[in-house]
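So you can see what is in the structure, the chains are spelled out below.
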Amino acid sequence: MKYPFSEVEDKWVKRWEERKIHKTNLDDLKKKIYTLVMFSYPSGSKLHCGHWYNYGPTDSWARFKKLQGFSVFEPMGYDAFGLPAENNAIKTGVHPYDSTMNNIKDIREMLKRMGCMYDWDSELMTCVPEYYKWNQWLFLQLYKRGLAYKKEAPVNWDPVDQTVLANEQVLPDGTAERSGAKVEKRMLSQWFFKITDYAEELLDGLDKIDWPEKTKTMQKNWIGKSFGTEAQFKIDGHKDIITVFTTRPDTLFGVTYVVLAPENPLVQKLVTEDNKAAIDEYIDTVKHFSEIERTSTVKEKTGVFTGAYAINPVNNQRVPIWVADYVLASYGTGCVMAVPAHDERDFDFAKKYDLPIIKVILQDGTNEEDELTAAFTEAGTMINSGQFNGLNSDDGIDKITDYLIEKEIGDRKVNYRLRDWLISRQRYWGTPIPVVYCEHCGEVPVNEEDLPVILPYDVEFKPNGGSPLLKCEDFINTTCPKCGGKAKREPDTMDTFVDSSWYYFRYLNPKYDKGMFDVELAKKWVPVDMYVGGAEHATMHLLYARFIHKFIRDIGMINCDEPFTKLIHQGTITNQGAKMSKSKGNVVNPDDFISVYGADVFRMYLMFMGQYDLGGDWSDKGIVGVERFVQRIYTICENHKDLASEVSSVEKLEISKLNDAEKNVYRKINQSLSKYEKEIDNFRFNTTIALLMEALNIIHDNINGCSKEVQLYVLERFIAMVSPVGPHLGEECWEILGFDKSIFEEPKWFIVDEAALIADSVIIPIQINGKLRAKIEVAIDCEESEVKAIVHADEKVKSYTDGMTIVKEIYVKNKIYNIVVK
RNA sequence: GCCGAAGUGGCGGAAUUGGUAGACGCGCUGGACUCAAAAUCCAGUUUGGCUCAAACCAAGUGCCGGUUCGAGUCCGGCCUUCGGUACCA
């Protein structure tokens, strides 16, 4: 009979829901596993292949853990705020709330068709006041402790649309994606979270978590800790001092100019009359470059002389002060000492503007007179450096820094590349920032008891000049929480990464209204044991979440240090070598396959395609193979209907009492069980499916020669292994075999009979001079002396060894026998 | 440029971490069943040589070299593809 996947899948989805089989009892903490995939972003109403690839296999892992007896919590929700919904609204006129809610409705239905064991009572979405209220509360806690603050920061301004753009809306050539206008930089006062206070701990904590090395390295580089020296340069004829940061104080004698970032306030102070016009023009030009253009290494460096001079603190050399956009205002001190001989950027710049190049570090094996064709950036021996001549770079770094400290013109300094987290968005579809501006009291945070600050529904969100909420009179006009006088609300909303930085706490009780989350439950269930999601979140979401977690710990609401103990990234499923996207028109729609093959087949095929973390190129070539596999499983169970009511289950069988067919299946099922546990536990789903297919082949060939007792022994184990990867199929087969309870309602796992893993005999390949020449069958664990006799009695071996001298013989027990002849 | 991953049959991919390369699946070939087809089942399938066939021989995991009794796996030097990153002083 053909496997009626459609009826079967409907039946089990319904039954799981009716009987709340996937409800996790959070108070029951036998052995807890909190497993989570990054929640879905409902910007469209469809789930694509990537979602299935992310959610399906992870759910199979979770189901396996459940069968093993763990108390597994697997929730699902929606990252519902954000730009795509707002952009869609601008384009179509459909309100973001309406489109998002509609999309969530559709996505929820599709998620249910996947057959995952989500606990739907824990479902959450971020765009409702019950959720975003706590973003606001979190903001106030950060604010109270000085970790939320306001400062001027540049935004991408589209002069045609009169609106602020996100970085991803700016094309690489610096024009706006929508209007095509040249994007400008504009300074706006914006809110920041002080993640840099946690830089050191965010770095240290990486050692304690089981994450892919690659991801940890990315975070490490992103935090970018560097040890260096700050040195002070006097300015000729000025009181002001220029402080530079360098990791190479050993090259200090090689400084031939100093460079300030265009935004550095010192520029205006020290520029001379003659050069003012040129400098102003330069700064104006720079403003029109996008971040991407400005920091492109391909772009030729440009700069302008200020007319002022600085004094090198170690040799009193007078060096010109330039302004150039290759120096960033946001890193270090916004000024650098330029050493063209030993820094690539300075070298290029000096060549272009004909500035002197002084060699102060000598590369081993070269001469002082040799001309530099490129900057020498490695360590070497110091020259042209006064009393420091002859030192190697490492010593020089220490000695020169000590010298600067002694003269009180410098110090050791640690810098981080990490910058504070800018959370202000000049957008409508997000969490309102809970701050008001009073005519008398200035900036005042909203009182906690007045939360949430509700995001109004009726708002003109089409681009019209600034934050959309600015134009919403009912929202923007309010009273001051302090003095009761007239005040205006903050019109900006929060970055959606705030929403996702703590959602894993909220899942435990999304309706909780006494606080941000249920602290007692969180202490039992957090951290998340298994977190699965795309590698593209390595430095944003995953770093923000770690930061917020540590903050929440510091205000006493949780006692662990890290949110996600183990992290796995799924690979990307491409189509014809390219990422799937609507614009390329290469999106594979899962529905097309589910309607033909069913959800289980589609899930299993995605798992079978290849290594989970590598992803792969989509092809439907092999899906029929999985379909046949499913059909064969179904047929074999149908042929043994109600077996469980005819004979009873046994834990173990005596191998010596079994006939050959029984031995074959008994061994195979135990070997498979043992291997299965290792493979699926490590997210190796492709080999998990393969080993099940292999087992089925053996079962198929031998089952008719087995007693009913053995048949049940084998089939119940086999179906238990199928259930996590094909949950509907597994449940159906379990029922067909005659078990009356759902396998996930009464989780069942089996202990491997270790005795069955050991074969009686083993085939030993015989190599002669490293080439395979023969094979012999010997008893397991056979000693060398015994094997040797058998090997040398072999006719084939004899033909290769006769008349030759045996130089050496190597025997690896149960593995191989190698003879070296001459 | 730098960092990371990958490169194995016609195709997707396995390989106990140094021990029979090609598991499992797709496709293909032949056979059984059928009036016939589909479905299903059985057998075969790295390439080349020699064979009616089996047996056998040789080559073979991106390229060149090395270590080892033995290398897809380790080492040195390249090539290609895909991710990530982008002047951090």
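Residues numbered from 1 in each chain as written. Chains lettered and ligands numbered in written order. Predicted model: local features only at pLDDT ≥ 70, side-chain atom pairs only at ≥ 80, totals over all residues. Heavy atoms only, no water.

1. Side note on the sheet that holds strand β21 (residues 477–479)
What the four strands build is an open sheet, ordered β20-β19-β22-β21; its pairing is antiparallel. Each having just a single partner strand, β20 (442–445) and β21 make up the two edges of the open sheet. Each adjacent strand pair in this sheet contributes to an overall mean axis angle of 40 degrees, direction not counted. Sheet topology note: the strand β19 (residues 435–438)/strand β22 (residues 486–489) ladder contains three bridges and is antiparallel. Across the sheet, the residue bridging to Val-436 is Arg-489, located in β22. (Pairing = 2+ DSSP bridges. Helix = DSSP H or I, 4+ residues; strand = E, 2+ residues; numbered from the N terminus. Axes fitted to C-alpha atoms, helices over the stretch in contact; angles between N-to-C directions.)

2. Some points on the sheet that holds strand β1 (residues 32–37)
Where strands meet in a sheet, backbone hydrogen bonds hold them as pairs that are either parallel or antiparallel. Reading across from one edge, β2-β1-β24-β25 is the order of the four strands in this open sheet, with parallel pairing throughout. Since the sheet does not close on itself, it has two edges, and those belong to β2 (71–73) and β25 (564–568), each with one partner. Going from strand to strand, the sheet's axes swing by 25 degrees on average, the running direction of each strand aside. Bridging between strand β24 (residues 528–532) and β25 involves four bridges; their strand directions are parallel. Bridging across to β25, Met-530 finds its partner in Lys-566.

3. A short note on the pattern of salt bridges
Within this structure, the stated rule accounts for 45 salt bridges. For Asp-119, the salt bridge is made with Lys-23, and the minimal N-O distance between the two is 3.9 Å. One end of the pair, Asp-119, is in the loop between α4 (96–114) and β4 (124–125); the other, Lys-23, is in the loop between α1 (5–18) and β1, with 96 residues separating them in the sequence. A residue is classified by how much of its surface remains accessible, and Asp-119, at 2% relative accessible area, is buried. In this structure, the salt-bridge partner of Glu-562 is Arg-546, at a minimum N-O distance of 2.8 Å. Pair noted here: Glu-562 is in the loop between α17 (541–554) and β25 and Arg-546 is in helix α17, with a separation of 16 residues, a long-range link. Per residue, the accessibility class of Glu-562 equals that of Arg-546, and both read buried. Linked through salt bridges whose partners overlap, the residues forming this network are Glu-201, Arg-546, Lys-550, Arg-553, Asp-554, Asp-561 and Glu-562. (Salt bridge = Lys/Arg side-chain N within 4 Å of Asp/Glu carboxyl O. Buried < 20%, exposed > 50% of the residue type's maximum accessible area, 1.4 Å probe, protein only.)

4. Side note on the packing of helix α2 (residues 49–67) against helix α22 (residues 660–681)
Running from amino to carboxyl end, α2 crosses α22 at an angle of 135 degrees, the nearest separation of the two axes being 10 Å. In terms of orientation, α2 and α22 fall into the oblique class. When the axes of α2 and α22 are compared, the crossing they make is left-handed. Contacts between α2 and α22 pair Ser-60, Trp-61, Phe-64 and Lys-65 from the former with Tyr-676, Glu-677, Ile-680 and Asp-681 from the latter. (Parallel < 35°, antiparallel > 145°, perpendicular 65-115°, else oblique. Left-handed = near helix turned anticlockwise from the far one by under 90°. Contact = heavy atoms within 4.5 Å.)

5. Points about the packing of aromatic side chains
For the structure on display, the rule yields 54 aromatic pairs. Between Trp-61 and Phe-683 the ring centres are 5.8 Å apart and the planes differ by 45 degrees, which places this aromatic pair in the tilted class. A residue pair is termed long-range when its members are at least 10 positions apart, and Trp-61 in helix α2 and Phe-683 in the loop between α22 and α23 (685–702) qualify at 622 residues. A residue is classified by how much of its surface remains accessible, and Trp-61, at 4% relative accessible area, is buried. (Phe/Tyr/Trp six-rings, centres within 6.5 Å; stacked < 30°, edge-to-face > 60°.)

6. A word on helix α19 (residues 599–608)
Burial of α19 is extensive: nine of the ten residues sit out of reach of the surface. Within α19, the full set of buried residues consists of Ala-599, Asp-600, Val-601, Phe-602, Arg-603, Met-604, Tyr-605, Leu-606 and Met-607.

7. Details of the confidence of the model for chain A
Summary statistics for chain A give a mean pLDDT of 91 and a share of 98% for residues scoring 70 or more. Overall fold confidence (pTM) sits at 0.93, and the ipTM for the predicted complex is 0.94. (pLDDT = per-residue confidence, 0-100.)

8. Side note on the layout of surface pockets
Any empty space left between atoms is shown by rolling a water-sized probe over those atoms. The computed volume of the second largest pocket comes to approximately 280 Å³. At three residues, the largest contribution of residues to the lining of the second largest pocket is made by β2. A per-class count over the lining of the second largest pocket returns seven nonpolar, five polar and seven charged. (1 Å grid on protein atoms, 1.4 Å probe; cavity = no way out; pocket = protein on both sides within 12 Å on 5 of 7 lines; lining within 4 Å. Points joined across faces, edges and corners; volume = space filled by probe spheres on them. Nonpolar A, V, L, I, M, F, W, Y, C, P; charged D, E, K, R; others polar.)

9. Let's talk about unusual backbone geometry
Of note, the bond from Leu-451 into Pro-452 is cis; its omega dihedral lies within 30 degrees of zero at 0 degrees. With an omega of 10 degrees, the peptide bond running from Val-526 to Pro-527 counts as cis. Counting through the fold element by element, Pro-527 comes out in the loop between α16 (519–525) and β24. We note that Asp-781 has phi near 60 degrees; this positive angle belongs to a residue other than glycine. Examined against the element boundaries, Asp-781 turns out to sit in the loop between β30 (771–779) and α26 (784–793).

10. So, the packing of α19 against helix α25 (residues 727–736)
Two elements in contact, α19 and α25, have axes whose closest approach is 7 Å; the angle formed by their N-to-C orientations is 125 degrees. It follows from the interaxial angle that α19 and α25 lie oblique. Contacts between α19 and α25 involve Ala-599, Asp-600 and Arg-603 from the first element and Pro-727, His-728 and Leu-729 from the second. Per-class residue counts for the contact of α19 with α25 are three nonpolar, one polar and two charged.

11. What to know about the pairing of β19
Both β19 and β20 contribute to a ladder of four bridges, which runs antiparallel. Each residue of the ladder has a partner; that of Val-435, found in β20, is Pro-445. The turn linking β19 back onto β20 is made up of three residues.

12. Details of the side chain of Asn-415
Its location among the elements puts Asn-415 in strand β16 (residues 410–415). What Asn-415 contacts, discounting residues up to four positions off in sequence, is Gly-224, Lys-225, Ser-226, Phe-245, Tyr-331 and Gly-332.

13. Looking at the environment of Lys-579
Tracing the chain through its elements places Lys-579 in strand β27 (residues 578–579). Its relative accessible area of 57% is what places Lys-579 among the exposed residues. Sequence separation between Lys-579 and Gly-50 is 529 residues; the distance between their C-alpha atoms is 10.0 Å. In this view, Lys-579 contacts Thr-572, Thr-574, Lys-584 and Asn-586; residues no more than four positions away in its chain are not counted.

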